[in-house]
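Working through the structure, step by step
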Amino acid sequence: MVKERVFFINNKLKGNTHEIIDASLIMALANLFGRVEIYLSHSRRVLLEEMCSSFMKQNDQGKSFEKCVWREINIDVKSDFFLDLYVALVDAWLLIKGSKRDIFMFSYGNSRFSLYLVNFLSKLLKRKVIICAHNELDVLVKEKYPLNPNWYYLINRFYRKTQWSKNLRFLVLGDFIIDNLRKTLSADRVRHFFSVDHPYFQTQDDEQENPNIGNLERIRVGLVGTVAPNKGLDNLKSFVASLENSNVELRVISRVLSPEDIFSNNAHVKIMNPDGLFLSREKYDELISDVDYLFFPYPNDRFCFSVSGSIFESIAKRKPFIAFRNDHFSYLLNKYGEFGIVINEKDQLNSLICSLSDTKRYMKMVHNCSDIAKKLSPIKCDLSRVLDFCGDN
């Protein structure tokens with residue numbers, strides 16, 4: 001443990017959006033630093049404080065939790081433009097408030113104004129800053145972003161051309177992202193990045209008895225994560241079509257954003273979230289606990305520079321997954337062993353459906369999920385690169 005203070009800041013998100021990664025990073029930091037000051041919105045602060053308190057006390061980490069100081073900063077702005085502007089001003093105030101000995105971890109990199117201002121103040125005030133880079137890195141492989149071209153331009157320019165402070169680092173969630181960045185950015189820029197595998201945790205009641213999959217009358221496959229035209233909608237349609245004459249039932253837990261009804265009273269599909277709302281964590285967990293597999297229809301080119309948070313539900317809930325191969329899923333399977341089934345093309349769906357009743361393979365994947373869950377615990381999250389950063393001038 002070091003005596004330095006670390007600021008953990010997420011003034012942009014509210015409620016339970018990406019709550020697991022934020023809670024996991026907070027707990028990992030609390031095991032390393034003498035004091036962790038956490039700045040969140042009210043709804044997020046209440047949720048994350050309870051999550052961290054519960055997990056850390058269950059795992060005999062109560063003393064680490066006591067090092068966390070929870071602060072609230074509420075920004076009530078509906079416009080994305082003004083939200084990014086207010087977030088940038090608050091971030092600047094926190095950097096000015098801190099000192100050269102502190103570490104500042106910003107749990108988002110998609111605030112178009114904050115990135116530039118934080119980088120400038122890091123240079124001017126010699127502040128050590130870590131930005132957790134997520135989906136915004138996908139702009140590096142997109143030629144355009146019609147929904148918000150101004151945001152796209154500023155984010156893309158920042159990561160490709162802006163001169164970065166020598167005290168600025170970026171945290172990404174997997175070594176495969178570093179490998180992909182090397183193909184896109186210069187070596188000098190890639191040296192500003194370091195990675196850890198996405199830490200994850202589960203509550204005590206997530207251990208469940210898994211069925212003899214080969215004897216089930218119906219194999220229940222849960223669809224989780226938001227599905228949209230750019231997030232695997234075509235793959236979902238093909239999966240639903242492949243269920244005919246099988247004993248597999250698709251349970252739709254996620255939000256499906258589609259211009260057409262792709263289920264049309266299909267007997268193999270059961271809608272669990274008819275209003276298409278964001279579910280509470282309790283309801284979400286309840287629905288996942290009642291399926292045998294989880295299905296992720298994301299296309300093959302998804303997750304080159306970001307990770308799927310939904311895949312960790314598979315690990316935490318001991319539910320093997322089904323998916324189309326992508327960089328993130330391949331990375332996890334290669335590193336931790338088989339805990340899901342991936343295919344390359346849609347024409348492999350029929351053989352995949354037939355393989356779901358293989359009890360021996362299923363139980364091996366369930367066992368691997370349990371082992372992986374222990375390895376990805378926030379308690380074991382290796383943030384040693386952050387400690388190295390403390391010694392940098």
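**Topic: helix 1 (residues 19-30)**
- Compared with the 16 Å implied by 1.5 Å per residue over 12 residues, the 17 Å span of helix 1 between its first and last C-alpha is a close match.
- Burial runs high along helix 1: 12 of the 12 residues are buried.
- By the burial criterion, the buried members of helix 1 are Glu19, Ile20, Ile21, Asp22, Ala23, Ser24, Leu25, Ile26, Met27, Ala28, Leu29 and Ala30.

**What to know about the sheet that holds strand 11 (residues 293-296)**
- Strand order in the open sheet formed by six strands is 10-9-8-11-12-13, and the pairing between neighbours is parallel. The open sheet is flanked by strand 10 (269-271) and strand 13 (340-343), the only strands paired with a single partner. When strand polarity is set aside, the average angle formed by the axes of neighbouring strands in this sheet is 25 degrees.
- Taken strand by strand, helix 12 (residues 327-336) contacts strand 11, strand 12 (321-324) and strand 13, and its axis lies near 130 degrees from that of strand 12.

**A look at the pairing of strand 8 (residues 219-223)**
- In terms of residue burial, strand 8 counts as a mostly covered element, since five of its five residues are buried.
- Bridge analysis of strand 8 against strand 9 (residues 248-252) gives five bridges, and the strand direction is parallel. By the bridge assignment, Ile219 is partnered in strand 9 with Val248.
- Taken together, strand 8, helix 9 (residues 233-241) and strand 9 constitute a β-α-β crossover, and its handedness is right-handed.
- In the sheet, strand 8 pairs with strand 11 via three bridges, with the strands oriented parallel.

**Examining the packing of aromatic side chains**
- A complete count under the given rule lists 26 aromatic pairs for this structure.
- Residues Trp164 and Phe193 carry aromatic rings whose centres are separated by 6.0 Å and whose planes lie at 65 degrees to one another, so their mutual orientation is edge-to-face. In this pair, Trp164 sits in the loop between helix 6 (149-160) and strand 6 (168-172) while Phe193 sits in strand 7 (residues 193-195), placing the two residues 29 residues apart along the sequence. Accessibility classification places Trp164 together with Phe193 in one group, the buried group.
- When the ring of Phe176 is compared with that of Tyr331, the centres are 5.3 Å apart and the planes differ by 40 degrees; the resulting orientation is tilted.

**Some remarks on helix 14 (residues 359-375)**
- Taking 1.5 Å per residue as the helical rise, helix 14 with its 17 residues ought to reach 24 Å, and the 25 Å between its terminal C-alpha atoms agrees with that figure.
- Listed as buried for helix 14 are Tyr362, Met365, Val366, Asn368, Cys369, Ser370, Ile372 and Ala373.
- Of the surrounding secondary structure, the elements contacted by the buried residues of helix 14 are strand 11, helix 11 (311-316), helix 12 and strand 13.
- Of the residues that open helix 14, the one with a side-chain oxygen 3.3 Å from the backbone nitrogen of Lys360 is Asp358.

**Some details on the pattern of salt bridges**
- Summed over all chains, the structure comprises 18 salt bridges.
- The salt bridge involving Arg5 is made with Asp102; its shortest N-O contact spans 2.8 Å. Here the residue Arg5 occupies a position in strand 1 (residues 2-10), and Asp102 occupies one in the loop between helix 4 (80-97) and strand 4 (103-106), the gap between them amounting to 97 residues.
- Given a relative accessible area of 23%, Arg5 falls into the partly exposed group.

Basis of the calculations
- Residues numbered from 1 in each chain as written.
- Predicted model: local features only at pLDDT ≥ 70, side-chain atom pairs only at ≥ 80, totals over all residues.
- Heavy atoms only, no water.
- Helix = DSSP H or I, 4+ residues; strand = E, 2+ residues; numbered from the N terminus.
- Expected span 1.5 Å × (residues − 1).
- Buried < 20%, exposed > 50% of the residue type's maximum accessible area, 1.4 Å probe, protein only.
- Pairing = 2+ DSSP bridges.
- Axes fitted to C-alpha atoms, helices over the stretch in contact; angles between N-to-C directions.
- Contact = heavy atoms within 4.5 Å.
- Right-handed = clockwise from strand over helix to strand, strands pointing away.
- Phe/Tyr/Trp six-rings, centres within 6.5 Å; stacked < 30°, edge-to-face > 60°.
- Polar contact = N/O pair within 3.5 Å; in protein donor to acceptor, adjacent residues only side chain to side chain.
- Salt bridge = Lys/Arg side-chain N within 4 Å of Asp/Glu carboxyl O.

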